[in-house]
Amino acid sequence: MKLKAVIGLEIHIQVNRAKSKMFCGCPANYRDAPPNTNICPVCLGLPGSLPVPNKEVIRKAVMLSLALGSRLNNHVVFVRKHYFYPDLPKGYQISQHRGPGMAPIAVGGSLEIEGDLGAKIVRIRRIGVEEDPAKITYPYGDPVKSPYSLIDYNRSGVPLIEVVTEPDLSSGKEARSFVEKLLTLVDHLGICDPDLEGAFRVDVNISINGGERVEIKNIGSIRDMEKAINYEVIRQSALLMGGGVVKRETRHWDPIKGVTIVSRHKEFEEEYRYFPDPDLPATPLSKEMIEEIRISMPELPWHRAERYVKSYGLSQYTAKVLVSRKVLSEFFEETIKIYSDASKVADLLINDFLGIVNSRGRSFNIVKARPQHIAKLLTMLDRGIISIKIAKMILERVVINGEDPEEIVMREGLIVISDEAELEALAERVIRENPKAVEDAKKNPKAINYLVGQVMKLTGGKADPQKISYIIRKKLGISANSSLQ
Amino acid sequence: MRSVNLINRPIHEVLEYIRGSPELLIEYLYRLYERIERYEKILRGFITIRPSEEVIREAVEANREGKALAGIPIAVKDNISTAGLRTTCGSAILKDYIPPYDATVVERLKRAGSVVIGKTNMDEFAMGSTTETSFFGPSRNPWDLSRVPGGSSGGSAVAVSAYLSPASLGSDTGGSVRNPAAYTATFGYKPTYGVLSRYGLIAYASSLDQIGLITRDSVDAALLLEYIVGEDPMDPTSLDLKVSGFYRIALNMGEKTDFPNASLIAIKEMWEGVEEDIYKVVMSAIDKLVSSGFSYDEVSVPEIRYALPAYYVLAFAEASSNLARYGIPIYGLKEDPMNLPWDEYYSKVRSMGFGREVKRRIMLGSYILSAGYYEQYYLKALKVRRVLRDKLLPFLRRGYIVSPTMPVKPPRLGEAIEDPIKLYAMDIETVVPNLIGSPAISVVAGFTGSLPVGLQIIGPPMGDKDLILIGRAAEIIVGYYNMSPQI
Amino acid sequence: MDITIERLERLAMLRLGGDERNALAKDIAEILDFFRQLDEVELENVEPLFHVIEKGATVREDMTRPGISREWVEGSAYRVVDGYIVGPRTIVGEERESHQ
């Protein structure tokens, strides 16, 4: 039995780059605030409060629609989506929907990804603007065990842009490619910083071989999404192959157990009673406004990557990683204004630099380094003032603390030791102190590395390992032609 | 010290005396509180009355600071948010709700120097036409204590007509300001939709609701309007109406004024079902106007017959949505949520907190909006709305639509409330302007026996100023304003 | 009426007592009949009038403004624990007992 998975995604992107919430003036960034301190009558849904739409979020939604090639509606229409839940203070969410008198901000469009079998066009079904509900946590960790819930309205009303795809995806990997590309796009458009906690959530719809659709709700990371999809495909396939039938249901992903579980939260019977919000008469979206937004759109990430490949001769891969975060690509461009070897800059940024950022939670907020620091570091390397090892060692301090690399090198005497005599002396000492290693090295040239390492330790990393290796081999009478690596 | 009884004077006269005279202001307020003390237990116009010391202190301060309204008190319908002052909507579910913010209109009045004296009784969540669905019990009509004062802003009308407050804020979704104004011989004004900010008005039906004024006469309405109109960034449906100088015109209108030769248009279908004695009183008022130079015309708009069902479909639908928020454990009626599944918690609190009429409307409203019925009822009602608007705007461009405000005399307590359709039918005249977004007023047409009868005049959207001036003309010509019931 | 009172209760998140239900069922049937008058109007080619305000909703600039303090919430909510508002359990209740 050939099993074909059909997957569609609903991605909710938090417009965390907005200053204020979707319908009120509370700050959109609630992360550092203690619970229930980022609230007002509107986002609490107090009686008598009224929503006033955030113009900038609408602009950004239009921008995203243009970037995806979607068709914009000629009005912005908000609807009320009713369901009762403690995280929804008004008993309805202000959102968008397709129906009589109602339309999302845009429909159609597409995003091309590297699919499992080559390039693939993933079609967009619709793009909508809505508000985030509040956040519920549980005193005993999960809803079943907890006798009550804990509600924090800080997040209530934060702007969301929803992107819904057609079921054009076929695997967890393809889903990952899609979401990564979409997140890069919203990063570059100034809509969302994807590395902030809660920046996006995904609902996945999967069916196999035309069977019933299962929805997995509220997945918060790309990794979890891919795992959940892979698991669910296996689960459904196993069911089918065993002669069973897949039930139409809602599940959620348990990251600890690594499985999808049926939701006990079958609260709302999906009777959302959508109707156009009578507090928000439809606002016209004029052609002039759309044109103005189109003209002011930032460079799209894939165009930027192409530009890097063409102008700087970078590889596709390098360019792709550089544009994966807008702030990284901007850092790159600023750096090459001062230091012209684009390849070297790119290489450092996408490897060591990015590695440091990713190891510390992925947010570029922690980066204190400035482009001139990187330029200086590379210049020192070029001139042989410092070794690669030293460069790598101080990079972290440069990135995290914003220390000037030249100052570090001067202050701490990290200049490379090139004095032959000094190196010879150190080599002799190491040879003297490690007779066993010397024996090993004479038998197996690879063991030289240990001795080289010892000398490097003595120099505090400030020497060229190749030079040391040469000196040691000379002293031990080992041919330079023996393979060392 | 000279003593003046300002109790039964309209605000524009009271201000002449109390501006710069805090002593007269204090005397005035004492008299008001005296009357409240004496009559409130029978009339029950208020749900919450602020302590006199507080009100007098604030009023005197505003007076001393030279503010425009010089400490004039105002009664506020209990569905309008007042910071720190209980706001119940006449419902058990909000009986202890204390809002953290003022409605924009309240804030503007306070800034102009007015002081909130108390919150007035109303039908629960403004759903009703007699003030009998209030959780706090009904109010009584000062003109006949066995009868209702109208609704849903019944308490606001009681306060003004019984001289417990010189003016009130009410709200009007399908007639809730004009209905009690008509029944208590006061002046009632519902603005063009959007002219008064709805921020802080606890919603019943968002596309129909407006804050309205109940005053002793139309000049007071013109006066207060200056301080409360203007676009509000907190209300996405608010409009900008410019009113400077218009109060002066209203004030200076007198018997000798040349009245504008306005056209009065009666739509036959709006007069169907009007009681005989009401008809007579209203027609005689219109006759007086015609004698003074107004023209009068009768036309037929058969679609008017569908205004009432269209209105109720929309009102119920929007109400079910606006009331979906109640039950949340942040404010209002609450229980211990511990161990209760959320759907049980919510349905328990809501069932305990809402009265029967509210429950009826919420259930029907939810039904109307549900899949499969949305087109059948809600969209259809919206289409009828467009038809009515298209048919009526041409009339409103050339004249004013007139009708009795109410088709029947104020019912006796308990009479109307049993039969829902009969109750809804009371709104037959008043729902029309809400549906099409037009301004409307009720002036005193006369009396049948001792019971007041109102004349409703409807104007074109944004024509509020001229409408109030026409109201002033009508008051002067017909001869009834600032009427005093014998309690 | 082709919808049960039970379903209406769920939609409106209400739970009625036996007498209330019967009275309401009758009222609701009557009122729906009253609404059906709308079927008599000729509405072919008429667009619904969703709002009387034709200029659209006013929008706002992306700016912050002060909100309300947590103190108000703490004074108003049933219970607040470490700043969180305590709410009911987020699982559905058992099936309700059928009413007599």
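Residues numbered from 1 in each chain as written. Chains lettered and ligands numbered in written order. Predicted model: local features only at pLDDT ≥ 70, side-chain atom pairs only at ≥ 80, totals over all residues.

K.L.:
Which parts of the structure should I look at to understand the overall build of chain C?
P.N.:
Helix and strand counts for chain C stand at 3 helices and 2 strands. From first element to last, N terminus to C terminus, chain C shows the α and β order α-α-α-β-β. (Helix = DSSP H or I, 4+ residues; strand = E, 2+ residues; numbered from the N terminus.)

K.L.:
Teacher, can you tell me more about the sheet that holds strand 5 (residues 92-95) of chain A here?
P.N.:
The strands that make up a sheet are held in pairs by hydrogen bonds between backbone atoms, and each pair lies either parallel or antiparallel. Taken in spatial order, the 3 strands line up as 5-4-16 (chain A) in an open sheet, and their pairing is antiparallel. Each of the sheet's edge strands pairs with one partner strand only, and the pair in question is strand 5 and strand 16 (275-276) of chain A. (Pairing = 2+ DSSP bridges.)

K.L.:
When you look at the interface of chain B and chain C in this model, what are you seeing that I'm missing?
P.N.:
By a widely used convention, the size of an interface equals the accessible area lost when the partners come together. Counting from both sides, the interface comprises 56 residues of chain B and, opposite them, 46 residues of chain C. Of the residues assigned to the side of chain B that touches chain C, the class counts are 30 nonpolar, 11 polar and 15 charged. (Contact = placed C-beta atoms within 7 Å. Nonpolar A, V, L, I, M, F, W, Y, C, P; charged D, E, K, R; others polar.)

K.L.:
What's the story with the interface of chain A and chain C in this structure? I'm lost.
P.N.:
Taken together, the contact between chain A and chain C spans 45 residues of the former and 31 residues of the latter. Sorting the residues of the side of chain A that touches chain C by element identifies helix 1 (55-67), strand 10 (149-152) and strand 17 (283-284) of chain A as the ones contributing at least two each. Here the element with the most residues in the side of chain A that touches chain C is strand 10 of chain A; it accounts for 4 residues. Of the pairings in the sheet, the one linking strand 10 of chain A to strand 2 (residues 84-87) of chain C comprises 3 bridges and is antiparallel in character. Counted as the bridge partner of Ser149 of chain A is Gly87 of chain C from strand 2 of chain C.

K.L.:
How should I be thinking about the sheet that holds strand 1 (residues 80-81) of chain C in this particular structure?
P.N.:
The strand order across the open sheet built from 4 strands is 9(A)-10(A)-2(C)-1(C), with neighbouring strands paired in antiparallel fashion. The open sheet has two edge strands, strand 9 (135-137) of chain A together with strand 1 of chain C, and neither has a second partner. Note: strand 1 of chain C against strand 2 of chain C, 2 bridges, orientation antiparallel. Among the inter-strand pairings, Val80 of chain C is bridged to a residue of strand 2 of chain C, identified as Ile85 of chain C.

K.L.:
Is there a simple way to explain the pairing of strand 2 of chain C in this structure?
P.N.:
One face of the sheet, then the other: side chains in a regular strand alternate in exactly this way. Residues Tyr84 and Val86 of chain C point to one face of strand 2 of chain C and Ile85 and Gly87 of chain C to the other, with burial holding for every one of them. Count of turn residues in the strand 1 of chain C/strand 2 of chain C antiparallel hairpin: 2 residues, of which Asp82 of chain C carries a positive phi of about 55 degrees. (Buried ≥ 20, exposed ≤ 12 C-beta atoms within 10 Å, placed from the backbone.)

K.L.:
Help me understand the environment of Tyr199 of chain B in this model?
P.N.:
Summarising the element assignment, Tyr199 of chain B is placed in the loop between strand 5 (187-190) and strand 6 (210-215). For Tyr199 of chain B and Ser295 of chain B, which are 96 residues apart along the polypeptide, the C-alpha to C-alpha distance reads 39 Å.

K.L.:
Explain helix 5 (residues 154-161) of chain B to me, please; I cannot follow it from the model alone.
P.N.:
For an α-helix, the turn length of 3.6 residues means that residues three or four places apart are oriented alike. Residue and element names in this part refer to chain B. The buried fraction of helix 5 is high, at 8 of 8 residues. Looking at helix 5, one finds that the buried residues are Gly154, Gly155, Ser156, Ala157, Val158, Ala159, Val160 and Ser161. Directly after helix 5, the chain includes Tyr163, whose backbone phi takes a positive value near 60 degrees.

K.L.:
Any chance you could explain the environment of Ser176 of chain B here in plain terms?
P.N.:
All names here are of chain B. Topologically, Ser176 is positioned in the loop between strand 4 (167-172) and helix 6 (178-184). Taking the C-alpha atoms as reference points, Ser176 and Thr130, 46 residues apart in sequence, are found 9.0 Å from one another. Sequence-distant contacts of Ser176, defined by excluding residues within four places in its chain, comprise Ala126, Gly151, Ser152, Ser153, Gly170 and Ser171.

K.L.:
Help me out: how do you make sense of the pairing of strand 7 (residues 110-115) of chain A in this one?
P.N.:
Residue and element names in this part refer to chain A. Where strand 7 lies against strand 8 (residues 118-131), 6 bridges are found, and the strand directions are antiparallel. Bridged to Glu114 within strand 8 is Ala119. Remark: 2 residues form the turn of the hairpin made by strand 7 and strand 8, two consecutive strands paired antiparallel.

K.L.:
I would appreciate a short explanation of the confidence of the model for chain C in the present structure.
P.N.:
Any region with low pLDDT has predicted coordinates that should not be read closely. Mean pLDDT over chain C works out to 86, with 89% of the residues at or above the 70 mark. Interface confidence for the predicted complex, given as ipTM, is 0.96, next to a pTM of 0.92. (pLDDT = per-residue confidence, 0-100.)

K.L.:
Before we go on, may I ask you to explain unusual backbone geometry in this structure?
P.N.:
Peptide bonds are, in most cases, trans, and in most cases residues other than glycine have a negative phi. Cis geometry is adopted by the peptide bond preceding Ser152 of chain B, which originates at Gly151 of chain B and carries an omega value of 5 degrees. Mapped onto the elements of the fold, Ser152 of chain B is located in the loop between strand 3 (115-120) and helix 5. A positive phi is found at Ala70 of chain B, a non-glycine position, where the angle reads about 50 degrees. Relative to the assigned elements, Ala70 of chain B resides in the loop between helix 3 (52-64) and strand 2 (73-77). Although it is not a glycine, Met13 of chain C sits at a positive phi angle of roughly 55 degrees. Considering the arrangement of structural elements, one finds Met13 of chain C in the loop between helix 1 (5-12) and helix 2 (18-35).

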